[in-house]
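So the chains spell out like this:
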Amino acid sequence: MAITKDASSTGHADAGNTTLDFSHTCTGSNLLLLVHIQIEQDLVTGVTYNSVAMTQLKKEIGAGSVGAVYIYGLLAPTTGANTISIAFTGVNKYITGIGESYAGVVQSNLPDATASSFDNTGVSALATTITTVADNCWVGGIAFWTTALTSVTNGTIRTNGSPTSSNITSFDTNGVVTPAGNKTLTANGTTVKVNTLVSFAPFVASATKTLAALGVG
């Protein structure tokens, strides 16, 4: 079963809050939900979808205005429209979240691999290489930038979360990495500071057949 893109969502909270809630709609089968987050400091305490706890897959901590970037994941999320809820400390902080769901993902061994890179001063192109383990993985990621991300080399931009205080873009390979191994995705813009990646493998149906299906008995 090939991996396919399912749905996207985004939300933002200004200073004065301790949670960020927004709706995301999952459809299809063998689902994976990724939640990408950027906040001013390392303050996220947990993420849920439909009140089910998600797992932190990757975190990158910068300095100063770079803040913290996270990727959380959940296999087999509830289908339909449900709430992504991000909890954090520090009521004077700004936070942005992006939800990206995918169908046709193996329902175990998450993540396949992760990688991250950062430049606290910001560069026009920030490359990150991930080493996938399973064949035919997709790679999803998040970049943090102070001006608009223009493109992703070897990737497809999915969602911009771009209030002035907390700018992030989600993206993925929009296709498989085969054979498994090194894959470099480069976030391109005027001032890119963080590029964080996670890979996930496709669902493979069991090859086991019954005797009846084989015409035996």
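Notes on the structure follow. Computed from a predicted model, the values in this text were never measured in an experiment.

1. Regarding the overall build of the protein
When its secondary structure is counted, the protein shows zero helices and 15 strands. Here the C-alpha radius of gyration of the protein, 18 Å, is about what a compact globule of 217 residues would show, namely 17 Å. The principal-axis extent of the C-alpha atoms belonging to the protein is close to 70 × 35 × 20 Å. A buried classification covers 47% of the 217 residues belonging to the protein. Considering only contacts within the protein whose residues lie at least 6 apart along the sequence, 81% involve residues at least 24 apart.

2. Observations regarding the nonpolar core
By size, the foremost hydrophobic cluster in this structure holds 23 residues, and its most contacted members are Val35, Ile37, Val44, Val47, Ile86 and Ile95. The set of elements that each furnish at least two residues to this core consists of β2 (19–26), β3 (32–39), β4 (44–49), β7 (68–75), β8 (80–88) and β9 (95–103).

3. Let's talk about the sheet that holds β9
Strand pairing within a sheet occurs via backbone hydrogen bonds; the two strands may be parallel or antiparallel. Strand order in the open sheet made by the five strands is β1-β9-β3-β7-β6, with antiparallel pairing throughout. Of all the strands in the sheet, just β1 (4–13) and β6 (55–61) have a single pairing partner and so form its edges. Across the sheet, the axes of successive neighbouring strands diverge by a mean angle of 15°, strand direction being ignored. Where β3 lies against β9, eight bridges are found, and the strand directions are antiparallel. Along β9, the bridge assignment pairs leucine 32 with tyrosine 102.

4. Side note on unusual backbone geometry
The residue after leucine 110, namely proline 111, is reached through a cis peptide bond having omega 0°. Positionally, proline 111 belongs in the loop between β9 and β10 (113–131). That bond from threonine 178 to proline 179 is cis: its omega, -5°, falls within 30 degrees of zero. Checked against the element boundaries, proline 179 lands in the loop between β14 (168–172) and β15 (182–200).

5. Side note on the sheet that holds β8
In space, the four strands of this open sheet follow the order β2-β8-β4-β5, with antiparallel pairing throughout. Strands at the two margins of the open sheet, each flanked by one partner only, are β2 and β5 (52–53). As paired strands, β4 and β5 are joined by two bridges and run antiparallel to one another. Across the sheet, threonine 48 pairs through a bridge with alanine 53, a residue of β5.

6. Brief notes about the side chain of threonine 191
With respect to the helices and strands, the residue threonine 191 is situated in strand β15. Taking the relative accessible area as the measure of exposure, threonine 191 reaches 18% and is therefore buried.

7. So, the packing of aromatic side chains
A full pass over the atoms with the stated rule returns three aromatic pairs. On the numbers, 5.8 Å between centres and 75° between planes, the contact of tyrosine 102 with tryptophan 138 is edge-to-face. Of this pair, tyrosine 102 sits in strand β9 while tryptophan 138 is found in strand β11 (residues 138–145), placing the two residues 36 residues apart along the sequence. Arranged with centres 4.9 Å apart and planes meeting at 50°, the rings of tyrosine 102 and phenylalanine 200 form a pair that is tilted. With tyrosine 102 in strand β9 and phenylalanine 200 in strand β15, this pair connects stretches of sequence that are 98 residues apart. Residue tyrosine 102 shares its accessibility class with phenylalanine 200, and that shared class is buried. Put simply, the rings of Tyr102, Trp138 and Phe200 pair up and form one aromatic cluster. A cation over an aromatic ring shows up here: lysine 5 above the ring of tyrosine 102, its NZ or CZ 5.3 Å from the ring centre.

What counts and how
- Residues numbered from 1 in each chain as written.
- Predicted model: local features only at pLDDT ≥ 70, side-chain atom pairs only at ≥ 80, totals over all residues.
- Heavy atoms only, no water.
- Helix = DSSP H or I, 4+ residues; strand = E, 2+ residues; numbered from the N terminus.
- Rg over C-alpha atoms; globule rule 2.2 N^0.38 Å.
- Buried < 20%, exposed > 50% of the residue type's maximum accessible area, 1.4 Å probe, protein only.
- Contact = heavy atoms within 4.5 Å.
- Core = buried A, V, L, I, M, F, W, Y, C linked by side-chain atoms within 4.5 Å.
- Pairing = 2+ DSSP bridges.
- Axes fitted to C-alpha atoms, helices over the stretch in contact; angles between N-to-C directions.
- Phe/Tyr/Trp six-rings, centres within 6.5 Å; stacked < 30°, edge-to-face > 60°.
- Lys NZ or Arg CZ within 6 Å of the ring centre and 35° of its normal.

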